[in-house]
Amino acid sequence: MRRETQKLRTVNEEELSILKKRIDFAIGIIILLVAILIARLWHLQILKGPEFATLSESNSVRIRDVSAPRGNILDRHGRLIITNRPYFNVVWFREDAPNPDEVIKKLSGILQDDISVFLNRIRDAAGQPRYIPILLKEDIPWKSLIYIENHRLELPGVRIEVVPSRKYQYSNLASHLIGYLGQISKKELQSSQYQQNKGGDQVGKMGIEKQFEKTLSGEKGRRYLEVDVHGFEQQQLKHIDPLPGNDIQLTLDVDLQKTAEKAMENKAGAVIVMEVNSGRVLTISSSPELKIDQFVGGISSKVWKEHLEDPLHPLIDKTIQGQYPPGSTYKIVTALAGLSEKIITPKTVFY
């Protein structure tokens, strides 16, 4: 019995010795792996840290929206009333501008605008993420465009953005009906109607442009760009094309509209021509007309005051906003009755 007991003890001690060696080997492997990991982290974070920090700062991916061409507006015969043309806007990326005050002062001189105009736009965009560009000036002339492009290094953060904007084929024709575009306001950004929009976007402000904003606006595209520490583009990584907006064809007749507006020059009033059988509106003219170019990009306080004080009230769309005695509409019936009975003629005048 004693021999068997001693034999068992010897066997157990041998097994424990083997097991201990295996555990020591496993611990050694774990310590080695941890040591390698710590050494690698030290190499990356301490030894190569400054180098990698420089590389990460000098290259980054920036996503830029690509504006979609708005849909065209046509008359009843398919003639273009409004289409698109490229506009050159000045935008500012805050994250690329180390000395913003100096840049804004330079831009004020280049674009010949009061510095307060730019400062107000920057204040309005204060709550937006810094990567979203701030629209400083729309539709700049070629002279300013060339100067800014040739002095980009002196204007960090300033870029020229090419966007499709409106081209009015017949100047201010049907201006109250068509409306105009303007920069989206803070109030509009908070509205559910403009959930897909961002600060600086151009949206319809009145008339057809506003009423059919979703139909006309289309969907934005995107550009994924690699830029350096100064914000200059290195390469384009990816591009998603925008989807143009849908066209809208009106029942308006351009020739009749021109005739009506010519007849109402220097007068205050309205002209509406409709098809009797269908109810289609062929002409809808309010006089005086709106000068659309004064409203695009924001109307100045001086011009706005002049419109308010104008005795002809150009800001009122007299086809739908004017107040007139209800009996006036019945004069058409009595006039037609008089003509049919030959009591009056087209040349009859009543004083």
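Residues numbered from 1 in each chain as written. Predicted model: local features only at pLDDT ≥ 70, side-chain atom pairs only at ≥ 80, totals over all residues. Heavy atoms only, no water.

Trainee: So what exactly am I meant to see when it comes to the nonpolar core here?
Mentor: Grouped burial of nonpolar side chains is what soluble globular proteins tend to show. Judged by nonpolar contacts, the single largest core of 19 residues is most densely connected at V90, L107, L111, L136, I140, I148 and V158. For this core, the elements supplying multiple residues, two or more each, are β3 (80-92), α3 (100-111), α4 (115-124), β4 (134-137), α5 (142-150) and β5 (158-168). If one sorts the elements of this core by residue count, α3 sits on top with five residues. One finds I81, A174, I208 and L216 within the second-largest nonpolar core, a separate group that totals 13 residues. (Core = buried A, V, L, I, M, F, W, Y, C linked by side-chain atoms within 4.5 Å. Buried < 20%, exposed > 50% of the residue type's maximum accessible area, 1.4 Å probe, protein only. Helix = DSSP H or I, 4+ residues; strand = E, 2+ residues; numbered from the N terminus.)

Trainee: How should I be thinking about the packing of α3 against α5 in this particular structure?
Mentor: Each pair of packed helices can be summarised by the angle the axes make with each other and by the distance between the axes. Relative to each other, α3 and α5 sit at 145°, their axes nearing to 10 Å. Contacts from L107, I110 and L111 in α3 reach S144, Y147 and I148 in α5. Its residues assigned to classes, the contact of α3 with α5 comprises five nonpolar, one polar and no charged. (Axes fitted to C-alpha atoms, helices over the stretch in contact; angles between N-to-C directions. Contact = heavy atoms within 4.5 Å. Nonpolar A, V, L, I, M, F, W, Y, C, P; charged D, E, K, R; others polar.)

Trainee: Before we go on, may I ask you to explain the side chain of T283 in this structure?
Mentor: Tracing the sequence through the fold places T283 in strand β12 (residues 281-287). By relative accessible area, which is 0% here, T283 ends up buried. With residues near it in sequence (within four places) discarded, T283 still touches L252, L256, Q257, A260, V271, I272 and V273.

Trainee: Can you walk me through the packing of aromatic side chains in this structure?
Mentor: Aromatic ring pairs: the centre-centre distance and the angle between the two ring planes describe each pair. Per the counting criterion, the structure on display carries two aromatic pairs. Where F88 meets W142, the ring centres are 5.4 Å apart and the plane angle is 50°; that geometry is what we call tilted. Of the two residues, F88 is situated in strand β3 and W142 in helix α5; the sequence distance between them amounts to 54 residues. The exposure class assigned to W142 is exposed, which follows from its relative accessible area of 60%. (Phe/Tyr/Trp six-rings, centres within 6.5 Å; stacked < 30°, edge-to-face > 60°.)

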